[in-house]
Amino acid sequence: MVPVVIKIKNAVVSYREDVALRGVSLEIKAGEIIGIIGPNGAGKTTLLTLVNGLGHLLQGEVWVLGHNLARGCPADLRSRIGYVPQLPVIDPRMPVTAREVVMMGRYGRLGFFRRPGPGDWQVVDRMLELVGMTALSGRPIGHLSGGEQQRVAIARALAQEPSILLLDEPTASLDRRAQQQILQLVQRIHKERKLTTLMVTHSLAGLTGLCDRLVLMKKGRIWKTGNPEELLQDRVLEQLF
Ligand SMILES: Nc1ncnc2c1ncn2[C@@H]1O[C@H](COP(=O)(O)OP(=O)(O)OP(=O)(O)O)[C@@H](O)[C@H]1O
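The model shown is predicted, which means the values in this text are computed figures rather than measured ones. (Residues numbered from 1 in each chain as written. Predicted model: local features only at pLDDT ≥ 70, side-chain atom pairs only at ≥ 80, totals over all residues. Heavy atoms only, no water.)

### Observations regarding the overall build of the chain
Part 1: Of regular secondary structure, the chain possesses nine helices and 10 strands.
Part 2: Whereas a compact globule of 241 residues would reach a radius of gyration of roughly 18 Å, the chain reaches 18 Å, a difference of no more than 12%.
Part 3: By the burial criterion, 48% of the 241 residues in the chain qualify as buried.
Part 4: Carbon and sulfur atoms make up 49% of the accessible area of the chain, which amounts to about 12,000 Å² in all.
Part 5: The average position of the 31 basic charges and that of the 22 acidic charges among the side chains of the chain differ by 3 Å. (Helix = DSSP H or I, 4+ residues; strand = E, 2+ residues; numbered from the N terminus. Rg over C-alpha atoms; globule rule 2.2 N^0.38 Å. Buried < 20%, exposed > 50% of the residue type's maximum accessible area, 1.4 Å probe, protein only. Areas by Shrake-Rupley, 256 points an atom, 1.4 Å probe, with all protein chains shown as cover. Lys, Arg positive; Asp, Glu negative; His and termini not counted. Charge placed at Lys NZ, Arg CZ, Asp CG, Glu CD.)

Have a look at this one:
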């Protein structure tokens with residue numbers, strides 16, 4: 001039987017006056033790739049931060065890889081969860097190369113006070129190759145296009161060699177072609193690295209054939225879950241957005 005790696009039970013999250021999640025329950029099995037969609041403010045990013053161990057849980061429970069996050073998110077667990085935030089990856093005026101940005105993903109495993117060794121740089125270079133950024137790895141991050149920066153962000157998350165990958169709108173502000181390329185990349189690395197992947201996205205084209213399951217969120221609740229073929233229908237989307 002495939003193990004459940006993420007279990008969220010009746011989670012309520014509030015930021016002062018705003019209630020972001022109003023009783024969300026969800027189970028995700030190892031190896032699944034899940035798309036999370038819904039209107040602005042529905043709670044999608046908040047759901048990701050719960051899995052990341054950064055959510056302010058008011059009520060409910062979150063289990064990730066067998067750990068109850070109510071007891072905190074230990075460093076070894078954090079390093080098994082890769083997070084790709086919304087762009088920009090890093091202030092583009094920072095004088096750091098793409099390769100150095102990817103190395104930042106390694107510090108979760110290294111600890112801040114240990115210098116990266118040759119083995120760490122090998123991992124970084126392998127991840128840059130995986131995302132097709134080897135040729136541009138010496139460029140300052142601010143001299144890369146949005147799509148290229150997104151690849152670097154994905155490589156940075158992969159550099160910590162996670163088993164769960166969380167992506168927050170990895171195709172935001174990219175043109176259609178770059179959007180498709182990033183979605184294909186996500187699919188490839190999901191399979192090659194045998195990940196469990198959760199992706200928040202507004203680009204609905206391309207989700208069929210990519211996601212095993214979709215989670216549709218509305219007003220802090222999971223409104224529907226199911227397979228993309230079933231849910232990516234005009235009549236469903238009109239009610240969602
Ligand atoms: N750090 C915060 N402080 C206060 N309120 C917050 C914070 N983060 C999110 N919220 C509020 O929580 C609710 C859910 O926000 P969240 O970012 O999870 O939604 P989302 O579905 O990811 O939206 P979007 O598609 O716009 O990114 C919103 O009402 C938002 O204003």
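### Some words on the packing of aromatic side chains
Part 1: One pass over the full model with this rule turns up zero aromatic pairs.
Part 2: In this structure, K218 is placed above the aromatic ring of W223, and the distance from its NZ or CZ to the ring centre is 4.6 Å.
Part 3: Just above the ring of W223 sits the side chain of K224; from NZ or CZ to the centre is 4.9 Å. (Phe/Tyr/Trp six-rings, centres within 6.5 Å; stacked < 30°, edge-to-face > 60°. Lys NZ or Arg CZ within 6 Å of the ring centre and 35° of its normal.)

### Details of unusual backbone geometry
Part 1: A positive phi is found at L65, a non-glycine position, where the angle reads about 50°.
Part 2: On the secondary structure map, L65 appears in the loop between β4 (57-64) and β5 (67-68).
Part 3: Although it is not a glycine, E161 adopts a positive phi angle of roughly 50°.
Part 4: Mapped onto the fold, E161 is located in the loop between α6 (146-158) and β7 (164-168).

### Here we look at the domain arrangement of the chain
Part 1: Here the chain is partitioned into domain 1 (1-80 + 164-241) and domain 2 (87-161).
Part 2: The interface is formed by 19 residues belonging to domain 1 together with 16 residues belonging to domain 2.
Part 3: Summed over both sides, the interface between domain 1 and domain 2 buries roughly 1,300 Å², with carbon and sulfur atoms accounting for 64% of that surface.
Part 4: Broken down residue by residue, the surface that domain 1 buries against domain 2 is led by S79, L185 and R193, which jointly contribute 38%.
Part 5: Between domain 1 and domain 2 we count zero salt bridges in total.
Part 6: Counting across the interface, domain 1 meets domain 2 through four residue pairs in polar contact (both at pLDDT 80 or more). (Domains from an automatic or database assignment. Contact = heavy atoms within 4.5 Å. Buried area = accessible area lost by both parts, 1.4 Å probe. Salt bridge = Lys/Arg side-chain N within 4 Å of Asp/Glu carboxyl O. Polar contact = N/O pair within 3.5 Å; in protein donor to acceptor, adjacent residues only side chain to side chain.)

### Here we look at helix α7 (residues 176-192)
Part 1: With 17 residues, α7 extends 24 Å between its outermost C-alpha atoms, agreeing within 8% with the 24 Å of an ideal straight helix rising 1.5 Å per residue.
Part 2: Buried positions along α7 lie against β3 (33-37), α5 (118-130), α6, β7 and β8 (196-200).
Part 3: Where α7 starts, the residue carrying a side-chain oxygen 3.2 Å from the main-chain nitrogen of R177 turns out to be D175. (Expected span 1.5 Å × (residues − 1).)

### Overview of the environment of A172
Part 1: With respect to the helices and strands, A172 occurs in the loop between β7 and α7.
Part 2: C-alpha separation for the pair A172 and K44, spaced 128 residues apart in sequence, amounts to 14 Å.

### Let's talk about the site of the ligand
Part 1: Around the ligand, a shell composed of 14 residues is seen, among which N40, G41, K44, T45 and T46 lie nearest.
Part 2: One nitrogen or oxygen atom from the main chain of A42 is found 3.0 Å from an oxygen atom belonging to the ligand.
Part 3: Within the contact set of the ligand, an oxygen atom lies 2.5 Å away from a side-chain nitrogen or oxygen of T46.
Part 4: Protein chains bury 62% of the 640 Å² of accessible surface belonging to the ligand in isolation.
Part 5: Within the residue set of the shell around the ligand, elements represented by two or more residues are β2 (18-29) and α1 (44-51).
Part 6: Ranked by the residues each element gives to the shell around the ligand, the list is headed by α1, at three residues.
Part 7: By residue class, the composition of the shell around the ligand is four nonpolar, seven polar and three charged. (Near = heavy atom within 4 Å. Nonpolar A, V, L, I, M, F, W, Y, C, P; charged D, E, K, R; others polar.)

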